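Tertiary structure, described
The residues making up each chain are set out below.
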Amino acid sequence: MDQNTIQTLGDELYDALRGRKTVEPLTEREPDIRTEDAYHVSMRMLERRKTDGERVIGKKIGVTSKAVQAMLNVHQPDFGYLTDAMLFGNGEELPISEQLIAPRAEGEVAFVLKRDLQGPGVTNAEVLRATECVMPCFEIVDSRIRDWKIKIQDTVADNASCGLFVLGDQIVDPRRVDLSVCGMVVEKNGEVVSTGSGAAALGSPVNCVAWLANTLGEFGIKLEAGEVILSGSLVPLLPIQAGESMHLSIGGIGTASTRFV
Amino acid sequence: MSTLSADQIESLSEHLESAELQARAVHKITDDYPDLDFEDAYAIQWATRRRKEARGNRIIGLKMGLTSRAKMKQMDVEEPIYGFLADYFQEAEGAEVDTSKLIHPKVEAEIAFVTKAPLRGPGCHVGQVLAATDFLIPAVEIIDSRYENFRFDLPSVVADNASSSRFVTGGGMMSPRETDLRTVGVVLEKNGDPVEVGAGAAVINHPASSVALLANMLAQRDEEIPAGTLILSGGITAAVAVEAGDNVTMRAQGMGSVSMRFV
């Protein structure tokens, strides 16, 4: 895909993000778009956000569950970038009506790194060694693609459908929890709507972070000390609306809460 | 209100128990007795329990069924159901489970409670359950409805001892004081593939609330949960079909794992 098309599509997605409007699936308009092209589109969209003053504070891993991989007919995850503008604190109101289009909530384990991770060849043990702490996290995904009609290239181009995220305010040393089996309970308006455990994301959230470090390593990009990495949802996506509230608990890690306005 | 005579209850109990012992599927009993109600259904289950005891089997535990919101909605019920566990239902940890003795087995990941004091309703609550719990241990329940294609209504499944069939406990014991059972995570693996995941809250918000409900349901018959009872508190995951050649491992957060093979 040529540089001009990449720039045009990236700008279009940036405008959709800012204007809260959707675009037609890229894969319908550019049937030959490759996943690699889609990452270049997402980089253009990110450049525009950085020009606005947003700062990259981490990365997110998506498409980590078997169900979503089957839906998109892919056998590997994808990733996007997190900026400071996406981050909200525990218990804060999330302005989904103002900022998002068709939001859905996911529950995840967030990793905060204390050392750089440079792939390829990063092992799970190195991920754990580089992890300062893990935290409970809501990721509110959103799609700038009409009606979530996404193929893998569409979501990749759209910054892995990232919207906003909420970190809990407890941090836990990864030595103290078995991440492959930590349980997650998600409640909406006080009712338990789903449960899951660590193995839902590629067998373990640690596998997800290692995958990202190794995938980015092929392009000479590293995961950096201080970055927050959202490792992928442990429960199915749940559509949300203004007026609702959500709470999640992760066994041995902690809780996070949010209200949507 | 019971709709069946004592003879009819005995005969239905014998019918369903033979199906169990001969590993043979039958059609649901409400096809022949459409008015059969909850009270009849439990009367049939208790008749089966007495027949097993008379034959020398020991009743070693109890189980709760239909404890997930999804299943309760699906069956249109407000309350879970219970069944009993006879001694021969237990398979050893790591055992080879003989599928020729079963009809169409499925596995579920559960947390088992072992009590050290009796629990008696009505009014039994989560605090009493936790205080009366000696320890928790991971369990895989192997359910096996005696009804064709697992198709049944509520009275039929109650009469069929809530599809109880076999179970395996193992891994590590845990004190109820050391864990938050709501967020205990489980992973159910079939042939190495994590096919189902979940956490304790999938069982009516807390596995101990399932045990409290059991005590309160038993109180309606003036029965209690005796000390030393093993209680399967309800499936945290959906049930997964298994066949000869499969191996199943369940991992529970902080409690290790338990495995078995189906032959």
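Keep in mind that this is a model prediction, so the values were computed, not measured.

1. Remarks on the overall build of chain B
Along the backbone of chain B there are six helices and twelve strands. Relative to the compact-globule value of 18 Å for 263 residues, chain B shows a C-alpha radius of gyration of 17 Å, a close match. Within chain B, counting contacts between residues at least 6 apart in sequence, those at least 24 apart form 76% of the total. On chain B, roughly 10,500 Å² of surface is accessible, and the fraction owed to carbon and sulfur atoms is 47%. Charged side chains of chain B number 25 positive and 38 negative; the gap between the two group centres comes to 3 Å.

2. Regarding the pattern of salt bridges
Side chains bearing opposite charge may pair, as long as their charged atoms lie close to each other. Residue and element names in this part refer to chain A. Counted according to the given criterion, the structure contains 35 salt bridges over all chains. A salt bridge links Glu139 to Lys60, with the shortest nitrogen-to-oxygen separation between them at 2.9 Å. Here the residue Glu139 occupies a position in strand S6 (residues 131-141), and Lys60 occupies one in strand S1 (residues 56-62), the gap between them amounting to 79 residues. Taking relative accessible area as the criterion, Glu139 reaches 0% and is therefore assigned buried. Overall, the relative accessible area of 2% leaves Lys60 in the buried class.

3. A word on the interface of chain A and chain B
Interfaces are often sized by the amount of accessible area the parts lose when they come together. Counting residues at the interface gives 20 residues for chain A, matched by 19 residues for chain B. When chain A packs against chain B, close to 1,300 Å² is buried across both sides, 56% of that on carbon and sulfur atoms. Seen at the junction of chain A and chain B, the total is two salt bridges. For B:Arg182, the salt bridge is made with A:Glu187, and the minimal N-O distance between the two is 3.0 Å. Across the contact surface, chain A and chain B share nine residue pairs in polar contact (both at pLDDT 80 or more). Of all the elements in the fold, those that place two or more residues in the side of chain A that touches chain B are strand S8 (183-188), strand S9 (191-197) and strand S12 (245-250) of chain A. Ranked by residue count, the leading element in the side of chain A that touches chain B is S9(A), at five residues. Its residues assigned to classes, the side of chain A that touches chain B shows nine nonpolar, eight polar and three charged.

4. A word on the nonpolar core
Ranked by internal contacts, the top residues of the largest apolar core, which has 82 residues, are B:Ile44, B:Val107, B:Ile111, B:Phe113 and B:Ile225. The dominant element in this core, judged by the number of residues it contributes, is helix H6 (residues 207-219) of chain B, at seven residues. When sequence neighbours within four positions are dropped, the list of residues in contact with B:Val107 reads B:Val140, B:Glu141, B:Ile142, B:Leu188, B:Ala238, B:Ala239, B:Val240, B:Val242, B:Val248 and B:Phe262. Listed in part, the 76 residues of the second largest apolar core include A:Leu94, A:Val166, A:Ala210 and B:Val187.

5. A few points about empty space enclosed by the protein
Residues and elements named next belong to chain B. Under the counting rule described, the total for this entry stands at three cavities of 30 Å³ or more. Reported here for the largest cavity is a volume of approximately 70 Å³. Lining the largest cavity are Ser13, Leu16, Glu17, Glu20, Thr48, Lys52, Phe84, Phe89, Arg146, Ala159, Asp160 and Asn161. With four residues, the single largest contributor to the lining of the largest cavity is helix H1 (residues 6-21). Partitioning the lining of the largest cavity into residue classes produces four nonpolar, three polar and five charged.

6. Points about the sheet that holds strand S8 (residues 193-199) of chain B
Two strands in a sheet stick together by hydrogen bonds in their backbones, pointing the same way (parallel) or opposite ways (antiparallel). Residue and element names in this part refer to chain B. One open sheet holds the five strands; their spatial order is S3-S12-S11-S7-S8, and the pairing between them is mixed. Taken across any chain shown, the strands that pair with only one partner, and hence form the sheet edges, are strand S3 (96-97) and S8. Across two bridges, the pairing between S3 and strand S12 (residues 256-262) is parallel. Across the sheet, the residue bridging to Glu96 is Arg261, located in S12.

7. What to know about the packing of aromatic side chains
Aromatic ring pairs are described here by two measures, namely the spacing of the ring centres and the angle between the planes. Inspection of every chain in the model, using the stated rule, returns seven aromatic pairs over all chains. Seen from their ring centres, A:Tyr39 and A:Phe79 are 4.5 Å apart, and the 20° between their planes marks the pair as stacked. Placement of A:Tyr39 in helix H3 (residues 35-51) and of A:Phe79 in strand S2 (residues 78-83) is noted, with a sequence separation of 40 residues between them. With a centroid separation of 6.3 Å and an interplanar angle of 25°, the aromatic rings of B:Phe84 and B:Phe89 are classed as stacked. The same class applies to B:Phe84 and to B:Phe89, which are both buried. Put simply, the rings of A:Tyr39, A:Phe79 and A:Tyr81 touch in pairs and so form one group of aromatic residues. A cation over an aromatic ring shows up here: B:Lys106 above the ring of B:Phe150, its NZ or CZ 4.1 Å from the ring centre.

8. Thoughts on helix H2 (residues 38-54) of chain B
Residue and element names in this part refer to chain B. Taking 1.5 Å of rise per residue, 17 residues should cover 24 Å, and H2 covers 24 Å from first to last C-alpha, within 8% of that figure. Taken residue by residue, H2 has Asp40, Ala41, Tyr42, Ala43, Ile44, Gln45, Trp46, Ala47, Thr48, Arg49, Arg51 and Lys52 as its buried positions. Considering only its buried residues, H2 is in contact with H1, strand S1 (59-65), strand S2 (81-86), helix H5 (154-159) and H6. Structurally, the start of H2 carries an N-cap: the backbone nitrogen of Glu39 is 3.1 Å from a side-chain oxygen of Asp37.

9. What about helix H8 (residues 205-217) of chain A?
Residues and elements named next belong to chain A. Taking 1.5 Å as the rise per residue, H8 with 13 residues should run 18 Å; its terminal C-alpha atoms sit 18 Å apart, in good agreement. Buried residues dominate H8, accounting for twelve of its 13 residues. Taken together, the buried positions of H8 are Pro205, Val206, Cys208, Val209, Ala210, Trp211, Leu212, Ala213, Asn214, Thr215, Leu216 and Gly217. Buried positions along H8 lie against S1, S2, strand S5 (104-113), helix H6 (124-130) and strand S10 (228-233).

10. Considerations on the confidence of the model for chain B
Per-chain confidence: chain B averages 96 in pLDDT, with 100% of residues scoring 70 or above. Per the prediction output, this complex has pTM 0.94; the corresponding ipTM is 0.91.

11. Notes on the packing of H1(B) against H2(B)
Residues and elements named next belong to chain B. For the pair H1 and H2, interaxial distance at closest approach is 8 Å and the crossing angle is 65°. Where H1 crosses over H2, the two elements pack in a sense that is right-handed. Taking contact as the criterion, the partners of Ile9, Glu10, Leu12, Ser13, Glu14, Leu16, Glu17, Glu20 and Leu21 in H1 are, on H2, Ala43, Ile44, Ala47, Thr48, Arg50, Arg51 and Lys52. Split by residue class, the contact of H1 with H2 holds seven nonpolar, two polar and seven charged.

Parameters at a glance
Residues numbered from 1 in each chain as written. Chains lettered and ligands numbered in written order. Predicted model: local features only at pLDDT ≥ 70, side-chain atom pairs only at ≥ 80, totals over all residues. Heavy atoms only, no water. Helix = DSSP H or I, 4+ residues; strand = E, 2+ residues; numbered from the N terminus. Rg over C-alpha atoms; globule rule 2.2 N^0.38 Å. Contact = heavy atoms within 4.5 Å. Areas by Shrake-Rupley, 256 points an atom, 1.4 Å probe, with all protein chains shown as cover. Lys, Arg positive; Asp, Glu negative; His and termini not counted. Charge placed at Lys NZ, Arg CZ, Asp CG, Glu CD. Salt bridge = Lys/Arg side-chain N within 4 Å of Asp/Glu carboxyl O. Buried < 20%, exposed > 50% of the residue type's maximum accessible area, 1.4 Å probe, protein only. Buried area = accessible area lost by both parts, 1.4 Å probe. Polar contact = N/O pair within 3.5 Å; in protein donor to acceptor, adjacent residues only side chain to side chain. Nonpolar A, V, L, I, M, F, W, Y, C, P; charged D, E, K, R; others polar. Core = buried A, V, L, I, M, F, W, Y, C linked by side-chain atoms within 4.5 Å. 1 Å grid on protein atoms, 1.4 Å probe; cavity = no way out; pocket = protein on both sides within 12 Å on 5 of 7 lines; lining within 4 Å. Points joined across faces, edges and corners; volume = space filled by probe spheres on them. Pairing = 2+ DSSP bridges. Phe/Tyr/Trp six-rings, centres within 6.5 Å; stacked < 30°, edge-to-face > 60°. Lys NZ or Arg CZ within 6 Å of the ring centre and 35° of its normal. Expected span 1.5 Å × (residues − 1). pLDDT = per-residue confidence, 0-100. Axes fitted to C-alpha atoms, helices over the stretch in contact; angles between N-to-C directions. Left-handed = near helix turned anticlockwise from the far one by under 90°.

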